[in-house]
Amino acid sequence: MNAPESKDTFKVVGTRPIRPDGVEKVTGKAIFGPDYKASNMLFGAIVRSPHPHARVRGIDTKKAEAVAGVHACVTGADFPTLEDTIIRMGESAGSTTDMSQNVMAQGTVFYDGHAVAAVAATSQEAADEAAALIEVDYEVLPHVIDINDAFKQDAPVIHKDQRQTGLGEGEKAGPNVSTKFVMANGEMAKALEGAAATVSEHYSLLPVHQGYIEPHACVATWKADGKIDIWCSSQGAFNIRMLTASFLHLEIGRIRVMPLEIGGGFGGKNSVYIEPVAALLSKKSGRPVRLAMSRSDVFRATGPAPGAEIDVTLGADADGKLVAADVTFKYSAGAFRGTDAMTGVMHAISQYLVPAFSVTGWEVICNMPKHAAYRAPGAPQVNFAVESAMNELADELGLDPLDIRIKNAVAPGMPSMMGTPFGEIGLVECLEAAKVHPHYSAPLGPNQARGVACGTWMNFGGPSTASVSIAEDGSVLVAEGNPDIGGSRASMAMMAAETFGISYDEINVTIADTSSIGFSMMTGGSRTTFATGKAVVEAAQAVIEILCERAAKMLEVDVGDVEWMDGEAVSKSAGKRLTLKEIAVKSGATGGPISFEKGVNPLDHLPGYGVHICDTEVDPETGHVTVTRYTAVQDVGRAIHPAYVEGQLQGGAVQGIGWALNEAYIYNKDGTLDNAGFLDYRMPVASDMPMIDTVMIEKPNPAHPYGVKGVGEVSIVPPLAAVGAAVGNAIGKPMRDLPISPDRVYSAMNGKG
Amino acid sequence: MSKIHVTTTVNGDEREFLCTPGQTLLDVLRGELGMTGSKEGCGSGDCGACTVVLDGEMVCSCLVLAGEAQGRSVSTIEGVAEGSQLHPIQQKFLEHAALQCGFCTPGFIVAAKSLLDRNPDPTETEVRYWLAGNLCRCTGYDKIIKAVMDAAAELRQERTAA
């Protein structure tokens, strides 16, 4: 195996080649979700609820069907009734009936924007006209958006008989509570009593959207033989296949999903929204049907990450060593259950070694779209609260905020919250690198201040498949089942090239459709370079073995005499070598085609850690905050393609800055979303941002052939508290509620906060 | 509904199409003309993914009616490279890894070219403000700004050499 101990001996890993799909993407040729067209295709439109909660008494599609060019209408009645089963999708899970109802209301609408009906016509204009003529008779029901209101015992009931998990025996929770999840260890009360310093505060955040620029779009065709082809962009074609099959009650083998290029996902494109609807419209019309969301649809009906209400109590001894941590939070889930409360608990204090802790997470159903995973789902919210409290604790003890973190940081061998010992993690190295970074000691200007925070994400491995085949002329072809959302074709090609000992340019990477390669879990959980990378390396190693066998035949030597070195089969006894090309051109005579498909399911991933330093300047007249300097330090395991790893650190940091300063779902008293567009849902733009400096700490994961840990998600976790601390330090008042909008800063500065 | 007959120039080619009065230039580019390089991220002029140049002015093609293109000249992402020769901005986007998902990239490249066509030596702040109408959710803008600055430097060098 070409995986030497020292990085210096790598030839390809660690370099910065141009990504294989790059030219297509800078010339406008790449085909994304909304770009695909099928022959004889119809255009669909979806009717969405204007109410946050209502019973659907009836749907009349007669007028819509009379519009010239209309070929099919679909409502919730067209969806099969399902048995409720739980489907696990890596870092998230969901019930089939919930998710099917989320795709299209089946009797009740649960949020503003909930799909109730759909129509397909020969033009988009005709489809839109017909959709406006579909008459839905609603009986409006009381709604609840705010987490605290939804949590109450006397809150409006969203789902009768809401399934509730995790409650203690005899414990009664409000009707909208779906989950209680607790992790605890040690004697909390006693530990707090003995603390030299404590901080006990409340923090809050509003839901935010993933904000990918490409709206969801798909084309589906239900063919005469009962088989279905779907073209769409998603984080996992296999996920789309599985969920569409479940909702439509079909065997998986009848559905083939063709992955198109994906224009951002961040967790929000693991879910299925439109594909089953397009499939049903196609079944009824007998023609391919395209469905595409508008930006307003995207905001109203997909995505957001949970809002949160969080209480944190931290206790430390006089040296700043944590003795106790008590965290209780409520996360919103939207209209149906989710899983972020569980991951929130798991990431609440997992960056620190705390002898006594109790972390309780509640998940609360409310009349918003079913929440979706968003980069390190569940972690940033609770991390904002705990890291903000940690900064307040450092202030109380007169300690440097990095020093107090170094004192408490988890390190290899220490027990995790679950009690199992940590592997080769790199939090301490990150904290130490941050401390000596010139940014940390740089002078600050007037109205400027600095904040720091650290954060973690567990990362993931799981099932992936890759195949490697050798063409007749020796070209190397790699196929994988994971959509390339940020340059992963490049990292796959690099790992394959390193393994073969050939150049990067000699590898060709394809994202295969669901009928052309074995199962691969979605691109998410920071798992692709780790798990799919492992599949690529192991498939390449198997092909190398075949190449050696073929070379042995050609050289008429024993296979044990052949070694693979730098892209060639070498026989020491014969004193001969054969190149990959020489072996490939003779493959017809030595045993036929050379290829190998490898399925893996690695679970020896390691968590990642990041430390961020943020400088902000506050305008004393308006309360407006400008980020003036930013540094992200992260343990990346090993950076296969360092430029794309830096990109992950930078992109996550800026999403986190947006979350901290600007972004929020704003519902009005009628329960409808007031800011369903990019003008009013204000994401960071280029002029808001400084350069984002990155420091990559490389502490390889010994379980991966090239040391990969996964890097995509950690970077969104620390910014919330780092920005919060910077603003708080600038105005001398802690900022405990996000977003830190100018009015909040102004009020805090002027004693109204 | 009767349609409007429009004759226009797209990336130097004379093109004709029929459109309804309500159709946008973006709809026609992506639909009737089959050029899907310009993207629709919002349809309201907030994301810049549909940026094209109309008679020398940078516009969001989702905010221009298709009928307005009559007798005018439209430049899109499909016309930025000359044949298979990438424009230096495109090349620098690749070298700097200035794209992750690539969906906003065409809009950024058209907008950046429009900037460098009129200001060959912009400051970082000028680049950031010129591109403030283009949303990117993946990169945090860092590598995009560096790519544009680097392309500007290379274009200046080419001009000096020429």
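Treat the numbers as computed from the prediction; the structure is a model and nothing was measured. Counting restarts for each chain, with residues numbered from 1 along the sequence as it is written. All chains are assigned letters beginning with A, and all ligands numbers beginning with 1, in the order in which they are written. Totals for whole chains, interfaces and linings use all residues, but because this is a predicted model, local features are given only for residues with pLDDT of at least 70 and pairs of side-chain atoms are given and counted only at 80 or more. By convention in this description, side-chain values take in all heavy atoms of the structure and omit both hydrogens and water.

Chemist: Is there a simple way to think about the environment of Val109 of chain A in this case?
Modeler: Residue and element names in this part refer to chain A. Take Val109: it is sitting in strand E6 (residues 108-109). By relative accessible area, which is 0% here, Val109 ends up buried. Along the primary structure Val109 and Ile158 are separated by 49 residues, whereas in three dimensions their C-alpha atoms are 10.0 Å apart. Helical segments are the DSSP runs of H or I of at least four residues, strand segments are the runs of E of at least two, and each set is numbered from the N terminus. Think of it in three bands: residues with accessible area under 20% of the maximum for their type are buried, residues over 50% are exposed, and the middle band is partly exposed, with areas taken using a 1.4 Å probe on protein chains only.

Chemist: Explanation requested: the domain arrangement of chain A in the structure shown.
Modeler: Often, the extent of an interface is quoted as the loss of accessible area upon association of its parts. Residues and elements named next belong to chain A. Source of the domain bounds: an automatic or database domain assignment. Domain boundaries in chain A define domain 1 (7-30 + 461-600) and domain 2 (424-453 + 606-753). The gap between the C-alpha centroids of domain 1 and domain 2 is 37 Å. Throughout, a residue-residue contact means that at least one pair of heavy atoms, one from each residue, lies within 4.5 Å. Across the boundary between the two partners, domain 1 contributes 23 residues, which contact 21 residues of domain 2. Between domain 1 and domain 2 the total buried area reaches about 1800 Å² when both faces are included, carbon and sulfur atoms providing 61% of it. Salt bridge criterion: a side-chain nitrogen from Lys or Arg within 4 Å of a carboxyl oxygen from Asp or Glu. Taken together, domain 1 and domain 2 are joined by 1 salt bridge. Between Glu646 and Arg16 there is a salt bridge; the shortest N-O distance is 2.7 Å. Polar contacts, as used here, are pairs of N or O atoms within 3.5 Å; protein pairs need one atom able to donate a hydrogen and one able to accept it. Residues neighboring in sequence count only if both atoms are side-chain atoms. At the boundary of domain 1 and domain 2, one finds 10 residue pairs in polar contact (both at pLDDT 80 or more). Among the elements of the structure, helix H15 (488-500) and helix H16 (528-555) are those that each provide at least two residues to the side of domain 1 that touches domain 2. The element best represented in the side of domain 1 that touches domain 2 is H15, accounting for 6 residues. Two parts lose some accessible area (1.4 Å probe) when they are put together, and adding that loss for both gives the buried area.

Chemist: Teacher, can you tell me more about the state of the cysteines here?
Modeler: A disulfide bridge is the covalent bond that connects two cysteines by way of their sulfur atoms. Residues and elements named next belong to chain B. Disulfides are defined in this document as cysteine sulfur pairs within 2.5 Å. One pass over the full model with this rule turns up 0 disulfides over all chains. There is no disulfide at Cys136, and the cysteine sulfur nearest it, in Cys104, is 3.9 Å away. Relative accessible area serves as the criterion here: at 6%, Cys136 is assigned to the buried category.

Chemist: How do you make sense of the interface of chain A and chain B when you look at a structure like this?
Modeler: If you look at the interface, chain A gives 54 residues, while chain B gives 46 residues. Buried surface at the junction of chain A and chain B, summed over both partners, amounts to about 3900 Å²; 60% is from carbon and sulfur atoms. Among the residues chain A hides against chain B, the three largest losses belong to Val26, Ile213 and Met691 of chain A. Together they make up 19% of the total. Put simply, chain A and chain B have 4 salt bridges between them. Arg137 of chain B is the salt-bridge partner of Glu663 of chain A, the closest N and O atoms lying 2.7 Å from each other. Here chain A and chain B share 22 residue pairs in polar contact (both at pLDDT 80 or more) between them. Going through the elements one at a time, helix H1 (22-26) and helix H19 (642-661) of chain A are the ones with two or more residues in the side of chain A that touches chain B.

Chemist: Can you help me understand the pattern of salt bridges in this one?
Modeler: Opposite charge on two side chains permits them to pair, given that their charged atoms come into close proximity. Throughout the structure, instances matching the rule amount to 48 salt bridges over all chains. Here Asp35 of chain A makes a salt bridge to Lys39 of chain B, at a shortest N to O gap of 2.4 Å. With one member in each of two chains, Asp35 of chain A in the loop between H1 and strand E1 (42-48) and Lys39 of chain B in the loop between helix H1 (25-30) and strand E3 (51-54) form a pair that bridges those chains. Lys39 of chain B carries the same exposure label as Asp35 of chain A, and that label is buried. When the shortest N-O distance is used, the salt bridge between Arg254 of chain A and Glu251 of chain A registers 3.9 Å. Classification of Arg254 of chain A as partly exposed rests on a relative accessible area of 24%. Here the salt bridges do not stand alone but share partners, grouping Arg19, Asp21, Lys25, Glu261, Asp484 and Arg489 of chain A into one network.

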